[in-house]
Amino acid sequence: MTQTQVRTSRREELGAFLKACRARIGPEEVGLAPGPRRRLSGLRREEVALLAGVGVTWYTWLEQGRPINASSQVLDAVARTLRMDHPEREHLYRLAELTPSRLPSTVELVPDTVLEVLRALDPLPATVVNGRFDILESNAAQEEMFWEWHSLPCLHKNLLWCCVTEPNARRFLLNYDEEVPYMVARMRTEYGRHVGDPSWEEDIRRLSALSPEFAELWGRHEVAEPQARLRRLNHPQAGRLNLRLTELAVSEAPGLRIQVSTPDDAGSWALLPSTRRPS
């Protein structure tokens, strides 16, 4: 993909993101009358422009993906009007190319020092993933906790694919409806740094074709930043576990992170040994 094509894709992504943001805000939420002839519940383009103090034509062109310049002050006004939170603002700025874009990480080899940390975390399950949730390395505790996750052979080695393509995932991950949308939003945030990357584009295309659920979640244009998460599992041997998921950035390999699962209560700590694979 050429640089021109990458920029075109980035502008299209920006336009789609803005449309999704304004569609979620009703006119009454910002002090506007709904009006008798309104067909859509969200804000119109001209209303966003009015509230943000920008020209209607300029904002229309921004959503249409035209090559126009946007200052930080103007984008701030749009972000405030659309009630964007911090990760959404960061996503907006990256797509508008107002913040330095990191080059896509080509690091797939996990440094030996990180492997040592991964092994040392056992008996806590831990894995190294990248921005797409590809599983690059896992310790024995992680592999044994999830060794019966799949009803079919695992071909993708990817946490998100393992959720949305596995028929039994909802039975195993009890708060699936919270965790999977969050993971897709995290991936959408990371995608802002990789718009136009052929491997990313193909991965998204394939997963969208395979999973209508992913396609619907991806189409929401929701973004999220890292945060500690509680995952509730129904393990085949151990039973119900509450695990606190913590992410650790890998300074030696930007773009990679270690995900560590820690029992969140005494009962989960007591059940943790039961997650190990029978010898």
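A quick note: this is a predicted structure, and the numbers were derived from the prediction, not measured.

**Comments concerning the sheet that holds strand E2 (residues 135-138)**
With antiparallel pairing, five strands are arranged side by side in an open sheet as E2-E1-E5-E4-E3. This sheet does not close on itself; its edge strands, each paired only once, are E2 and strand E3 (229-235). Put simply, the sheet's adjacent strands are angled 30° from each other on average, direction ignored. Bridge count for strand E1 (residues 126-129) against E2 is three bridges, and the pairing is antiparallel. Its bridge partner lying in E2, Val129 is registered against Ile135. Along the sheet, helix H6 (residues 112-120) makes contact with E1, E2 and strand E5 (257-263), crossing E1 at roughly 150°.

**As for helix H2 (residues 45-52)**
Buried within H2 we find Glu47, Val48, Ala49 and Ala52. Packed against the buried residues of H2 are helix H1 (3-23), helix H3 (56-63) and helix H4 (72-81).

**So, the packing of aromatic side chains**
On inspection of all chains with the given rule, the structure shows six aromatic pairs. Their ring planes at 45° and their centres at 5.9 Å tell us that Phe146 and Phe172 sit as a pair that is tilted. Of this pair, Phe146 sits in the loop between helix H7 (140-145) and helix H8 (159-164) while Phe172 sits in helix H9 (residues 169-172), placing them 26 residues apart in sequence. Judged by relative accessible area, which is 6%, Phe172 ranks as buried.

**Here's the deal with the confidence of the model for the chain**
Here the chain averages 89 in pLDDT, and 92% of its residues register 70 or above. Considering each helix and strand of the chain separately, the mean pLDDT is smallest for helix H5 (residues 86-95), with a value of 87, and largest for helix H13 (residues 266-271), with 98. For residues 100-107, every residue scores under 50 in pLDDT, and the model assigns this stretch twelve contacts once sequence neighbours within four places are set aside.

**A look at the environment of Lys19**
Along the chain, the position of Lys19 falls in helix H1. Taking the relative accessible area as the measure of exposure, Lys19 reaches 38% and is therefore partly exposed. In sequence terms Lys19 and Tyr59 are 40 residues apart; their C-alpha atoms lie 11 Å from each other. Once you skip the residues sitting within four places of it in the chain, Lys19 turns out to touch Arg45 and Glu63.

**Section: the packing of helix H10 (residues 176-191) against helix H11 (residues 198-210)**
For the pair H10 and H11, interaxial distance at closest approach is 12 Å and the crossing angle is 150°. With respect to their mutual orientation, H10 and H11 come out roughly antiparallel. Here H10 runs over H11; the crossing is left-handed. Judged by residue contacts, Met187, Glu190 and Tyr191 of H10 engage Trp200, Glu201, Asp203 and Ile204 from H11. Its residues assigned to classes, the contact of H10 with H11 shows four nonpolar, no polar and three charged.

**Considering the pairing of E1**
Side-chain alternation along E1 places Ala126 and Val128 on one buried face and Thr127 and Val129 on a second face that is also buried. Two strands pair when backbone bridges link them, and E1 and E5 are joined in this way by four bridges, in the antiparallel orientation. Bridged to Val129 within E5 is Arg257. Counted between consecutive antiparallel strands, the loop separating E1 from E2 contains five residues, among which Phe133 sits at a positive phi close to 70°.

**Let's talk about the environment of Arg170**
Mapped onto the elements, Arg170 comes out in helix H9. With 64 residues separating them along the chain, Arg170 and Asn234 place their C-alpha atoms 9.4 Å apart. Beyond its immediate chain neighbours, meaning those up to four positions away, Arg170 contacts Tyr176, Asp177 and Glu213. Among the polar contacts made by the side chain of Arg170, one reaches the side chain of Glu213 at a distance of 3.2 Å.

Conventions we followed
- Residues numbered from 1 in each chain as written.
- Predicted model: local features only at pLDDT ≥ 70, side-chain atom pairs only at ≥ 80, totals over all residues.
- Heavy atoms only, no water.
- Pairing = 2+ DSSP bridges.
- Helix = DSSP H or I, 4+ residues; strand = E, 2+ residues; numbered from the N terminus.
- Axes fitted to C-alpha atoms, helices over the stretch in contact; angles between N-to-C directions.
- Contact = heavy atoms within 4.5 Å.
- Buried < 20%, exposed > 50% of the residue type's maximum accessible area, 1.4 Å probe, protein only.
- Phe/Tyr/Trp six-rings, centres within 6.5 Å; stacked < 30°, edge-to-face > 60°.
- pLDDT = per-residue confidence, 0-100.
- Parallel < 35°, antiparallel > 145°, perpendicular 65-115°, else oblique.
- Left-handed = near helix turned anticlockwise from the far one by under 90°.
- Nonpolar A, V, L, I, M, F, W, Y, C, P; charged D, E, K, R; others polar.
- Polar contact = N/O pair within 3.5 Å; in protein donor to acceptor, adjacent residues only side chain to side chain.

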